[in-house]
Amino acid sequence: MKRMRRYVRNNAVPLALLAPAVMIILVVVLLPLIFSFYTGFTNYRLIRPESLWDFIGLRNYARVLTDADFWAALWRTVLFLTVALNLEMLLGLCLALMVNRITWGQRTMRTIMMFPMMFSPILVGFQFKYMFNDTIGVVNNALQSLGLSQKAIPFLVDRWLAFGSIAFAEIWMSTSIFAILILAGLFAMPRDPIEAARVDGCTSWQVFRHITLPFLMPFIYIAMTIRSLDVARAYDIVDVMTGGGPAGRTELLWTLIARTAYDDARMGRANAMAYVSILLSIFFTWFFFRKLMAARQHLGAF
Amino acid sequence: MSRGQRDFLIWVATFLVMLAICIPGLWVVLSAFRPNGEILTKPAVWIPRDLSFDNFRAIFGLGDNVVGIPVGSYFWNSAVISVTSTVVAVTIGMSGGYAFARYRFPGKSSAFLWLMLSRTVPGIALSLPLFILWSWTGLIDTKLGVIIVYTAINVPFTIWLTEGFFRQVPRDLSEAAQIDGCTPWQAFWKVEFPLAKSGIASAAIFAFLTSWNEYALASQLTRSTDSKTLPVGLMDFTAQFTIDWAGMSAMAVIIIIPALILTFLVQKHLIAGLTFGGVKG
């Protein structure tokens, strides 16, 4: 108690400046999370308020962990994130290298490149739901007009086509974050090492592999860290495009949580799942943050 | 192949890629001006014959065929919620960012990490307890309830951005001002704030866009026209048996315009803020 008081007195100014921020996060994030942690151990259903006190121990978690639908959704989420993040990174890198090479109209190109960043996920979802629609979608119309396909392709109905369409939407939305940050890295890059390597007879691939890429790594990890903060935005896209359907074929972890909580009204079980999704998000962020720190140190040793 | 030719080829390739990036968005914008009849026609009509503002008139309830969705109220709700939560979040976040940039105190780096981790909680996971707690306290389906939540989710990122910008302002400047007789409060507003202003502006725009575009939380915490925001309202169109594609496209255009303007305004600071916050720590 005494030590606490001394700590507060010695650091009064920064603590006072931080107090409002800490306070609102306590009220809106930490407190609800503690509450939902508790709810995860009860049989709470929205339609029966008294069930909040119906403590059932680990049964929700046991149910969730033995539920085939949950595992299917979890694996689909992990696969989705792996595919999306890797492709976004690769495409973003290509895009940044291309824009970096051009000299005429570079500013305009950069602005166009940021175009998808302005779209909210809900709009991206709507946009591709509209384009991939099997009767009126522009993609199907184009394929039929060009005579490439006789029948309408059910982009949002078939299991893998729907997965691909959603991943496409996600990649369209987020590639520019990678491109922008990697481009910033390219601009910040010192010229001398590259020229020295050229003089020493390195090929352009060698220059890229051993000089450019290591220099860009921290920027790639910043982009990854920023992205992993909001991977769950994919919920919005899926909710508009397929709603997790048809018949749960495109269910991701987040849509499954929403369905369990609000449609089936099983709050307790949904909260148990929500904790799994929170751990997943924290793991992704922590993983890339660690990588970022390591890459930064590596760069400092240059 | 000469250098000039190769540069030209790269330019053309880049241009084509950019075009491909823009097409989905432009297609929606074009559809917003086309009547539903033309969108639904088979075989597809490729060259629009009939462009008009009818869809916009319809969703705002002005034209002959009125859409029963109160887009006007949704727009108002979105504006009030986004602006208020941005102003509050930037005020709170700026004060926190300043504390991190200027003071040393024990537990600083772990405090920073915890604040950032609070941002990783998926919206839908956070919506479950908030839905229950807000129902109990009567905050559900009110603008105030959403404003409080959006303020909290915007604070960590605002702290991250403003901290980076305040660190760029040399400490000596404020000290010099204080030697010349300013109070620390005056020194902050007269010296440090103006220098970090552009960074703070981009933090504000970031916060605004997050609130403007948020869906997962708002879709559960809002129910009626009193508090529903535009992204939630967009789903009203699909709740019906037939989807009003033209109306949805028009609404999409209304959602995108403010975001478009704001992003153009801050694109430079946006990149600077994101990168030096992370790299030169």
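Residues numbered from 1 in each chain as written. Chains lettered and ligands numbered in written order. Predicted model: local features only at pLDDT ≥ 70, side-chain atom pairs only at ≥ 80, totals over all residues.

**Here's the deal with the overall build of chain B**
Here is step 1: Scanning chain B for helices and strands turns up 13 helices and zero strands.
Here is step 2: Shown N-terminal to C-terminal, the secondary structure of chain B runs as helices and strands in the order α-α-α-α-α-α-α-α-α-α-α-α-α.
Here is step 3: For 281 residues, the compact-globule estimate of 2.2 N^0.38 gives 19 Å, and the C-alpha radius of gyration of chain B, at 23 Å, exceeds that figure by more than 25%.
Here is step 4: When its C-alpha atoms are laid out on the principal axes, chain B stretches across 75 × 70 × 35 Å.
Here is step 5: With 281 residues in all, chain B has 48% of them scored as buried.
Here is step 6: At a minimum sequence separation of 6, the contacts of chain B that also span at least 24 residues come to 76%. (Helix = DSSP H or I, 4+ residues; strand = E, 2+ residues; numbered from the N terminus. Rg over C-alpha atoms; globule rule 2.2 N^0.38 Å. Buried ≥ 20, exposed ≤ 12 C-beta atoms within 10 Å, placed from the backbone. Contact = placed C-beta atoms within 7 Å.)

**Structural notes on the overall build of chain A**
Here is step 1: For chain A, the helix and strand inventory stands at 13 helices and zero strands.
Here is step 2: Tracing chain A from N to C terminus, the helices and strands come up as α-α-α-α-α-α-α-α-α-α-α-α-α.
Here is step 3: Here chain A has a C-alpha radius of gyration of 24 Å; the compact-globule value for 302 residues is 19 Å, and the former is much larger.
Here is step 4: Dimensions along the principal axes, computed over C-alpha positions, put chain A at roughly 75 × 75 × 30 Å.
Here is step 5: Across the 302 residues that make up chain A, the buried fraction comes to 44%.

**Details of unusual backbone geometry**
Here is step 1: Of note in this structure, A265(A) is not a glycine but carries a positive phi near 60°.
Here is step 2: Take A265(A): it is sitting in the loop between α12 (253-263) and α13 (267-300).
Here is step 3: You will see that D141(B), though not glycine, has its phi angle at about 60°, which is positive.
Here is step 4: Inspection of the secondary structure puts D141(B) in the loop between α6 (123-137) and α7 (143-168).

**Details of the confidence of the model for chain A**
Here is step 1: When pLDDT is averaged along chain A, the result is 85, and 98% of the positions lie at 70 or above.
Here is step 2: Mean pLDDT values over the elements of chain A span from 80, in helix α7 (residues 138-145) of chain A, up to 91, in helix α4 (residues 68-101) of chain A. (pLDDT = per-residue confidence, 0-100.)

**Some details on the environment of N77(B)**
All names here are of chain B.
Here is step 1: Inspection of the secondary structure puts N77 in helix α4 (residues 71-102).
Here is step 2: Sequence separation of N77 and T142 is 65 residues, and the distance between their C-alpha atoms is 9.7 Å.
Here is step 3: Discounting chain neighbours no more than four positions away, the residues touching N77 are K143, S227, K228 and T229.

**Remarks on α7(B)**
Here is step 1: Compared with the 38 Å implied by 1.5 Å per residue over 26 residues, the 36 Å span of α7(B) between its first and last C-alpha is a close match.
Here is step 2: Of all the bends found along α7(B), the most pronounced is centred on V155(B) and spans about 35°, while P156(B), a proline, follows it within four residues. (Expected span 1.5 Å × (residues − 1). Bend = angle between axes of the 7 residues up to and from the residue.)

**Considering the interface of chain A and chain B**
Here is step 1: With 73 residues of chain A at the contact, the number on the chain B side is 66 residues.
Here is step 2: Here the side of chain A that touches chain B takes 15 residues from helix α2 (residues 12-39) of chain A, the largest share from any one element.
Here is step 3: Among the residues making up the side of chain A that touches chain B, the classes are represented as 58 nonpolar, 12 polar and three charged. (Nonpolar A, V, L, I, M, F, W, Y, C, P; charged D, E, K, R; others polar.)

**Details of the environment of A270(A)**
Here is step 1: Within the fold, A270(A) resides in helix α13.
Here is step 2: Overall, the presence of 30 C-beta atoms within 10 Å leaves A270(A) in the buried class.
Here is step 3: Each C-alpha atom of the pair A270(A) and A73(A) lies 13 Å from the other, and the pair is 197 residues apart in sequence.
Here is step 4: Each residue touching A270(A), except ones within four places of it in the same chain, is listed here: I257(A), T260(A), A261(A) and L128(B).

**Examining the environment of F193(B)**
Here is step 1: By the element assignment, F193(B) lies in helix α9 (residues 184-213).
Here is step 2: Along the sequence, F193(B) and M94(B) sit 99 residues apart, while their C-alpha atoms lie 9.8 Å from each other.

**Brief notes about the UniProt feature "domain: ABC transmembrane type-1" (unreviewed entry) in chain A**
Here is step 1: Feature annotation in UniProt places "domain: ABC transmembrane type-1" (unreviewed entry) on residues 74-288 of chain A, given in this structure's numbering.
Here is step 2: As a span, residues 74-288 of chain A carries 74% helix and 0% strand, and end to end its C-alpha atoms are 20 Å apart. (UniProt positions renumbered as here; feature names shortened; annotations may be inferred.)

**Some remarks on the confidence of the model for chain B**
Here is step 1: On average, residues of chain B score 84 in pLDDT, and 91% of them are at 70 or above.
Here is step 2: Within chain B, α4(B) carries the highest mean pLDDT (93), whereas helix α12 (residues 236-239) of chain B carries the lowest (74).

**Comments concerning the UniProt feature "transmembrane region" (unreviewed entry) in chain B**
Residue and element names in this part refer to chain B.
Here is step 1: Residues given the UniProt feature "transmembrane region" (unreviewed entry) here are residues 9-30, 74-100, 112-136, 142-161 and 245-266.
Here is step 2: With 95% helix and 0% strand, residues 142-161 has its two end C-alpha atoms placed 29 Å apart.
Here is step 3: The span residues 245-266 carries 100% helix and 0% strand; its end-to-end C-alpha distance comes to 32 Å.

**With respect to the packing of α4(A) against helix α1 (residues 3-32) of chain B**
Here is step 1: In the contact formed by α4(A) and α1(B), the axes pass within 9 Å of each other and the chain directions differ by 135°. In terms of axis orientation, α4(A) runs oblique to α1(B). Here the hand of the crossing between α4(A) and α1(B) comes out left-handed. Of the residues in α1(B), those in contact with L95(A), M98(A), V99(A) and R101(A) of α4(A) are I10(B), A13(B), T14(B) and V17(B). (Axes fitted to C-alpha atoms, helices over the stretch in contact; angles between N-to-C directions. Parallel < 35°, antiparallel > 145°, perpendicular 65-115°, else oblique. Left-handed = near helix turned anticlockwise from the far one by under 90°.)

**With respect to the UniProt feature "transmembrane region" (unreviewed entry) in chain A**
All names here are of chain A.
Here is step 1: Here, the residues flagged by UniProt with the feature "transmembrane region" (unreviewed entry) are residues 12-38, 73-99, 111-132, 160-187, 207-226 and 272-289.
Here is step 2: The span residues 12-38 is 100% helix and 0% strand, and its two end C-alpha atoms sit 34 Å from each other.
Here is step 3: In residues 160-187, the share of helix is 100% and the share of strand is 0%. The end C-alpha atoms are 39 Å apart.

**Focus: the nonpolar core**
Here is step 1: Within the largest apolar cluster, 156 residues are counted, with the highest numbers of intra-cluster contacts made by I182(A), A223(A), I257(A), V149(B) and A252(B).
Here is step 2: Setting aside residues up to four positions removed in sequence, V149(B) forms contacts with V28(A), L130(B), L217(B) and L221(B). (Core = buried A, V, L, I, M, F, W, Y, C linked by C-beta atoms within 7 Å.)

**Description of the packing of helix α6 (residues 121-131) of chain A against α1(B)**
Here is step 1: Where α6(A) contacts α1(B), the axes come no closer than 10 Å and their chain directions differ by 80°. One finds that α6(A) runs roughly perpendicular with respect to α1(B). Residues Q127(A), F128(A), Y130(A) and M131(A) of α6(A) pack against P24(B), G25(B), W27(B) and V28(B) of α1(B).
Here is step 2: Its residues assigned to classes, the contact of α6(A) with α1(B) shows six nonpolar, two polar and no charged.

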